[in-house]
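Examining the three-dimensional arrangement
Here is what each chain is made of, one letter per residue.
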Amino acid sequence: MKIVLQNLTKIFPARDKKNGKETIAVSDFTFTIPDGKLVGLLGPSGCGKSTTLYMISGLQAPSGGKIFFGEDDVTELSPENRGVGLVFQNYALYPHMTVKQNILFPLQNLRGEDKLTKEQMIERAYEAARLVQIDELMERKPSELSGGQQQRVAIARALVKMPKVLLLDEPLSNLDARLRLQTREEIRRIQKETGITTIFVTHDQEEAMSISDIIVVMKLGVVQQVGAPQDVYDDPTNLFVAKFLGTPPINVFKGAVKGGKLILGESEVLDVPGVDDREVFVGIRPEGFIPDVNGALECKLNNVEVMGRDVSVVSTNEASLNPIIRSIVDSDYKIDKNDESIKFSLKPHKVFLFDVETEERIRFEV
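Here we summarise the structure given alongside this text. Here the structure is a predicted model, which means the values were calculated and not measured.

1. Observations concerning the side chain of Ser312
- By secondary structure assignment, the location of Ser312 is in strand 17 (residues 310-316).
- Within the structure, the side chain of Ser312 is placed 2.8 Å from the side chain of Arg326, a separation counted as a polar contact.
- When sequence neighbours within four positions are dropped, the list of residues in contact with Ser312 reads Asn303, Val304, Glu305, Met307, Arg326, Ser327 and Ile328.

2. Points about helix 3 (residues 118-131)
- Across its 14 residues, helix 3 extends 20 Å between first and last C-alpha, which sits within 8% of the 20 Å expected from 1.5 Å per residue.
- Buried residues of helix 3: Met121, Arg124, Ala125, Ala128, Ala129 and Leu131, and no others. In a view along the axis of helix 3, the buried residues occupy a sector of 160°, so they form one face of it.
- In this structure, the buried residues of helix 3 make contact with helix 2 (99-108), helix 4 (147-159) and helix 5 (177-194).
- Just beyond helix 3, the residue with positive phi is Gln133, at close to 65°.

3. Section: the sheet that holds strand 3 (residues 38-42)
- Reading across the sheet, the six strands line up as 6-7-8-3-9-10 and stay open at both edges, with mixed pairing between neighbours. Edge strands, defined here as strands with exactly one partner in the open sheet, are strand 6 (84-87) and strand 10 (222-227). Ignoring strand direction, the axes of neighbouring strands in this sheet form an average angle of 15°.
- Pairing of strand 9 (residues 214-219) with strand 10, which is carried by five bridges, proceeds in the antiparallel orientation. Note on strand 10: the bridge partner recorded for Val217 is Gln225.
- Here helix 1 (residues 49-57) sits on the sheet and contacts strand 3, strand 6, strand 7 (165-169), strand 8 (197-202) and strand 9; the angle it forms with strand 7, its principal contact strand, is near 150°.
- Most of the contacts of helix 4 go to strand 6, to which it runs at about 165°, and overall it touches strand 6 and strand 7.

How each quantity is defined
- Residues numbered from 1 in each chain as written.
- Predicted model: local features only at pLDDT ≥ 70, side-chain atom pairs only at ≥ 80, totals over all residues.
- Heavy atoms only, no water.
- Helix = DSSP H or I, 4+ residues; strand = E, 2+ residues; numbered from the N terminus.
- Polar contact = N/O pair within 3.5 Å; in protein donor to acceptor, adjacent residues only side chain to side chain.
- Contact = heavy atoms within 4.5 Å.
- Expected span 1.5 Å × (residues − 1).
- Buried < 20%, exposed > 50% of the residue type's maximum accessible area, 1.4 Å probe, protein only.
- Arc of directions from axis to C-beta.
- Pairing = 2+ DSSP bridges.
- Axes fitted to C-alpha atoms, helices over the stretch in contact; angles between N-to-C directions.

Okay, structure coming up:
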C-alpha cells in the first residue's frame, strides 16, 4: 500500500491561551512512502516523528494537509477503518489474557462482512504467531514472557488483522541491547515476508539505518533529509543530519577556506576546489582519517584503543569543536601509544563543509 502525505501539519494549541505559544509538532510534511517498503522516521525527542505516525494511524487529526492510502483519501477516516496495525513502545498487552487471547482480540471485534468464524480466527492467530515465532507460547500470559517475547506478541496482534500498513512506535526501546539487535532483525524479516508497507519510528540512528529501505530525518517538526540510509550518511544535506547519523559521531571542526584550500588551525589540510574564501564548519567522519607521517593535520595523541580489526585513535586539536577527536583506522596501521602526537591525511569524500550561519552543506569537487 503506497502512502502519500501532502503538506501534513500538526499544531498543538498553547496551554496558556493568553500568553502561551502554539507548538508546531509537524510542519508541511510532504512525502510518498512506496508500496512494500520499510521507512524509518528518525530524529531526537520532540522532532514530530511519533506525531506523524499517529496522524497516519488516525489517532490524531492533522491541523492541515492530507493523507492518502493508495488513491484513497483517509484524512478523515477513523483508525479502525484505515486498515493499519499499530505496535506501541510499551506493548499494551492485556495482562489477564493469554498470548492467544491477546492476538485474537482484534479479530473478535470485527463486524459485518469482515466478521470471521471461530475456526478462521484461531487459524489466523496461529499464522501470525508462527510468523513471529511464538506459536509455542500461546497459552502463556504476558507476565510469563520476556520483553522480546512480549514485543513479538504485540507485533502478531498487529499483523493478525492483515493490515495494509504496519506502524511501529519505538518498538525496541524497552529491550536490552542484545534483544534489540535480535528483534530488529526479526522485524525486518517479517516485513520482507509479508510485504506490508511499514513505518518504524525511532530515535536510534543505528536501528533506523540497519533495517530501513528509506530514512526520514526530522528536527523540530521539519523534514531535514530523505533517502536510502547509506546515501544520507555519505551525503548529508546539513550539519544536523551529519551529526545525527554515525557511530562514533562525526568530528566537527571550526575551519576556513582560503584560495581553494581547507585550513584547520594553521594547517592546509585539503584541496576544496570551487569554494569561496570563508569560515566554515568542517565535519570529518571517524573513518576519514589516514595515519600519515607526512599528513597535514597534526593532533595531540591521547589514547589508542585496539578493537580487533579496527583501532580507535583518540586525540585532540585546537580547531575541534568536540572535546576529543575519534578516528577509526585499520589495525594494519601500527600506532605507538607513547607518541605525543599523530599526523593524519584526510579522505576527501569523508570531509563535509557547512555554512557557519545556516549550517547547510557547502559542496566541493572530490
